[in-house]
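Observations on the three-dimensional arrangement
So you can see what is in the structure, the chains are spelled out below.
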Amino acid sequence: QVQLVESGGGLVQPGESLRLSCAASGSIFSIDSMAWYRQAPGKEREMVARITRTSRFTNYADSVKGRFTISRDNAKSRVYLQMNSLKPEDTAIYYCNAEVSSTYSTTYSNYWGQGTQVTVSS
């Protein structure tokens, strides 16, 4: 089994920062692209940031450009999301996503973490 576990969420005031972390574990052979998604109450899940395997390319939602930074550490099978200048509209459950190949197959499958709550409020 492959597992993704997010951590680092919490309650912060507007303008403050948080750093989310996602650790991949299990029967992993390699991890291709990784991404962060979020879902606010009553809204659809949206992609926040994506990073390719060697960190050559990154993509961000327009709403977070200039404020959020995605990075990864392949040796630790982790992806991070540094969130600065947080706004109330950033409040959501943040999910880790990754394309992972297991030790039993060279094909990649998409996996999701359980999510971590980020609340931005005064």
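The rules we used
Residues numbered from 1 in each chain as written. Predicted model: local features only at pLDDT ≥ 70, side-chain atom pairs only at ≥ 80, totals over all residues. Heavy atoms only, no water. Helix = DSSP H or I, 4+ residues; strand = E, 2+ residues; numbered from the N terminus. Buried < 20%, exposed > 50% of the residue type's maximum accessible area, 1.4 Å probe, protein only. Contact = heavy atoms within 4.5 Å. Phe/Tyr/Trp six-rings, centres within 6.5 Å; stacked < 30°, edge-to-face > 60°. Lys NZ or Arg CZ within 6 Å of the ring centre and 35° of its normal.

With respect to the helices and strands, Lys-87 occurs in the loop between β8 (78-83) and β9 (92-102). Residue classification places Lys-87 among the partly exposed residues on the basis of a relative accessible area of 35%. Once the C-alpha coordinates of Lys-87 and Glu-16 are considered, the two residues, 71 residues apart in sequence, prove to be 8.5 Å apart. Contacts of Lys-87, omitting those with residues within four sequence positions, involve Arg-67 and Val-120.

So, about the packing of aromatic side chains. Tallied over the entire structure, the rule returns one aromatic pair. Between the aromatic rings of Tyr-37 and Trp-112, the centroid separation amounts to 4.8 Å while the plane-to-plane angle is 65°, which identifies the pairing as edge-to-face. Taken as a pair, Tyr-37 in strand β4 (residues 28-39) and Trp-112 in strand β10 (residues 109-112) lie far apart in primary sequence, 75 residues in all. Here the basic side chain of Arg-45 rests over the ring of Tyr-95, its NZ or CZ set 3.8 Å away from the ring centre.

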